[in-house]
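Each chain, letter by letter, is given below.
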Amino acid sequence: MLKYQKLAYKAIDNILARGKLPIIVGGTGLYLQAIVDGYELSKVKPDKKLREKLEKLDADELFKKLQGLNKKFAGRLNKSEKKNKRRLIRYIEICKPKNSECLAEHSVSGAKYDFLLIGLIWPKEILRERIYKRLVERLEKEDMIKEVENLHKKQKVSWKRLKNFGLEYKYVALYLRKKLVYNEMVEKLNIAIRQFAKRQMSWFRRWERQGIKICWVKDRREAEGVVRKFLKRK
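Residues numbered from 1 in each chain as written. Predicted model: local features only at pLDDT ≥ 70, side-chain atom pairs only at ≥ 80, totals over all residues. Heavy atoms only, no water.

J.: How would you explain the pattern of salt bridges if you had to name every residue and give the values?
T.: The final tally for this structure, using the stated rule, is 13 salt bridges. Of the charged contacts, one joins Glu 142 and Arg 134 as a salt bridge, the two residues approaching to 2.6 Å between their closest N and O atoms. Classification of Glu 142 as partly exposed rests on a relative accessible area of 42%. Using a relative accessible area of 40% as the deciding quantity, one classes Arg 134 as partly exposed. (Salt bridge = Lys/Arg side-chain N within 4 Å of Asp/Glu carboxyl O. Buried < 20%, exposed > 50% of the residue type's maximum accessible area, 1.4 Å probe, protein only.)

As structure tokens, then:
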């Protein structure tokens, strides 16, 4: 996330220097929040040996270990973070006893820019249809199965690492390993993506409770109106 934040700031500054308006679209809520809120990321260096040991544990075991290091901090994690092995390992790495202080992956230093945040709301039925349609397109038109197969065979990416690449890679990998039949893969993946979309919305709602303002719109026309008002006061 530190690399993403630095590159994003560099790109934004470059666009502003040319008198243009930077627009950030999509992305994980945490990464967006890192830019908007100006997270100061931990300077604790990765511990390769510790990570190798922790990789053998599941998410529940990692969370218990984190609780043992800093119960108060562990109690502040949301459901998604409690199940995210990569983030739990990083938190344990930061909170390990030999470090002088136990911090979250980030602390807020304050916004670097004046942002307008726009969120698009789709009716649940339409969102489900779009998720399924996009999934089928990735599998059948973009040949994602072949992409995952090439990553494993030609690029020598392990099945374990593919699992961490994202939902599609995880389930396609299970299909290629013959642990799922095709229709079962599509069904399970469709459900998992819908659940992920729900968690994303929960993240943004939580961000709002922390004090950020998000302008929720239903269509492009409404979004354009919000943008015009924002630019008019600049």
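Once the structure has been displayed, the description carries forward.
J.: Break down helix α12 (residues 182-209) for me, citing the residues and quoting the values.
T.: Over its 28 residues, α12 extends 41 Å from the first C-alpha to the last, a length consistent with the 40 Å expected when each residue adds 1.5 Å. Among the residues making up α12, those that are buried are Met 185, Val 186, Leu 189, Asn 190, Ala 192, Ile 193, Trp 203, Phe 204 and Trp 207. Packed against the buried residues of α12 are α2 (29-36), α8 (124-141), α9 (144-153), α11 (167-176) and β4 (215-217). Looking at the residues trailing α12, positive phi occurs at Gly 211, about 120 degrees. (Helix = DSSP H or I, 4+ residues; strand = E, 2+ residues; numbered from the N terminus. Expected span 1.5 Å × (residues − 1). Contact = heavy atoms within 4.5 Å.)

J.: Give a description of a positive patch on the surface that names residues and reports values.
T.: A surface patch of positive charge is lined by Lys 79, Lys 124, Arg 128, Arg 194 and Lys 198. For the positive patch, the elements supplying multiple residues, two or more each, are α8 and α12. Note that Lys 198 resides in helix α12. Classification of Lys 198 as exposed rests on a relative accessible area of 62%. (Patch = residues over 30% accessible without salt bridge, like charges linked within 9 Å, V, L, I, M, F, W, Y side chains within 5 Å. Areas by Shrake-Rupley, 256 points an atom, 1.4 Å probe, with all protein chains shown as cover. Lys, Arg positive; Asp, Glu negative; His and termini not counted. Charge placed at Lys NZ, Arg CZ, Asp CG, Glu CD.)

J.: Requested: an account of the nonpolar core, with residues and values cited.
T.: Counting 18 residues, the largest nonpolar core has Leu 139 and Met 185 as its most contacted members. With residues up to four places along the chain from it excluded, the contact list for Met 185 reads Leu 139, Ile 145, Tyr 171, Val 172, Tyr 175 and Leu 180. Leu 50, Ala 59, Leu 77 and Cys 95 belong to the second-largest nonpolar core, a separate cluster that totals 14 residues. (Core = buried A, V, L, I, M, F, W, Y, C linked by side-chain atoms within 4.5 Å.)

J.: Got a sec to walk through unusual backbone geometry? Specific residues and values, please.
T.: Although it is not a glycine, Asp 143 sits at a positive phi angle of roughly 50 degrees. Residues other than glycine seldom take positive phi values, yet Lys 178 does so here, at roughly 65 degrees. Inspection of the secondary structure puts Lys 178 in the loop between α11 and α12.

J.: So what about the packing of α8 against α12? Which residues, and what values?
T.: The relative placement of two packed helices is expressed as an angle between their axes plus a distance between the axes. The interhelical angle for the contact between α8 and α12, taken along N-to-C directions, is 135 degrees, at an axis separation of 10 Å. Regarding the angle of α8 to α12, the classification is oblique. The two elements α8 and α12 cross, and the hand of that crossing is right-handed. Within the contact between the two elements, α8 uses Arg 128, Ile 131, Tyr 132, Leu 135, Leu 139 and Glu 140 and α12 uses Tyr 182, Met 185, Val 186, Leu 189, Asn 190, Ile 193, Arg 194 and Ala 197. (Axes fitted to C-alpha atoms, helices over the stretch in contact; angles between N-to-C directions. Parallel < 35°, antiparallel > 145°, perpendicular 65-115°, else oblique. Left-handed = near helix turned anticlockwise from the far one by under 90°.)

J.: Describe the side chain of Gln 5, and please don't skip the residues or the numbers.
T.: In this fold, Gln 5 is placed in helix α1 (residues 2-17). At 3.0 Å, the side chain of Gln 5 and the backbone oxygen of Ala 34 are in polar contact. (Polar contact = N/O pair within 3.5 Å; in protein donor to acceptor, adjacent residues only side chain to side chain.)

J.: An account of a nonpolar patch on the surface is needed here, citing residue identities and associated values.
T.: Taken together, Leu 21, Ile 23, Val 25 and Leu 231 make up a surface patch of nonpolar side chains, about 430 Å² in accessible area. Positionally, Val 25 belongs in the loop between α1 and α2. Judged by its relative accessible area of 72%, Val 25 is exposed.

J.: Tell me about the environment of Ile 145, and name the residues and values.
T.: The topology assignment puts Ile 145 in helix α9. Every residue in contact with Ile 145, bar those within four places of it in the chain, is listed here: Leu 139, Val 172, Tyr 175, Leu 176, Tyr 182 and Met 185.

J.: Give me the packing of α1 against α2: which residues, what numbers.
T.: As a packed pair, α1 and α2 sit with axes 10 Å apart at the nearest point and diverge in direction by 55 degrees. Here α2 runs oblique to α1, going by the angle between their axes. Regarding α1 and α2, the two cross each other, and that crossing is right-handed. Contact residues: α1 offers Tyr 4, Gln 5, Ala 8, Tyr 9 and Ile 12, while α2 offers Tyr 31, Ala 34 and Ile 35. Tallied by class, the residues present in the contact of α1 with α2 amount to 7 nonpolar, 1 polar and no charged. (Nonpolar A, V, L, I, M, F, W, Y, C, P; charged D, E, K, R; others polar.)

J.: If you had to explain the environment of Gln 195 to someone new, which residues and values would you point to?
T.: Mapped onto the elements, Gln 195 comes out in helix α12. Separated by 191 residues in the primary sequence, Gln 195 and Tyr 4 place their C-alpha atoms 25 Å from one another.

J.: Kindly report on the packing of aromatic side chains, identifying the contributing residues and their values.
T.: Counted according to the given criterion, the structure contains 6 aromatic pairs. Summarising the aromatic geometry, the rings of Phe 165 and Tyr 169 are spaced 5.7 Å apart at their centres and angled 85 degrees between planes, so their arrangement reads as edge-to-face. Given the relative accessible area of 15%, Tyr 169 is considered buried. Clustering of aromatic rings is evident, with ring pairs tying together Tyr 9, Tyr 113 and Phe 115. Stacked on the ring of Tyr 9, the Lys or Arg Lys 112 has its end atom at 4.5 Å from the ring centre. One Lys or Arg, Arg 130, reaches over the ring of Trp 122 and ends 4.4 Å from the middle of that ring. (Phe/Tyr/Trp six-rings, centres within 6.5 Å; stacked < 30°, edge-to-face > 60°. Lys NZ or Arg CZ within 6 Å of the ring centre and 35° of its normal.)

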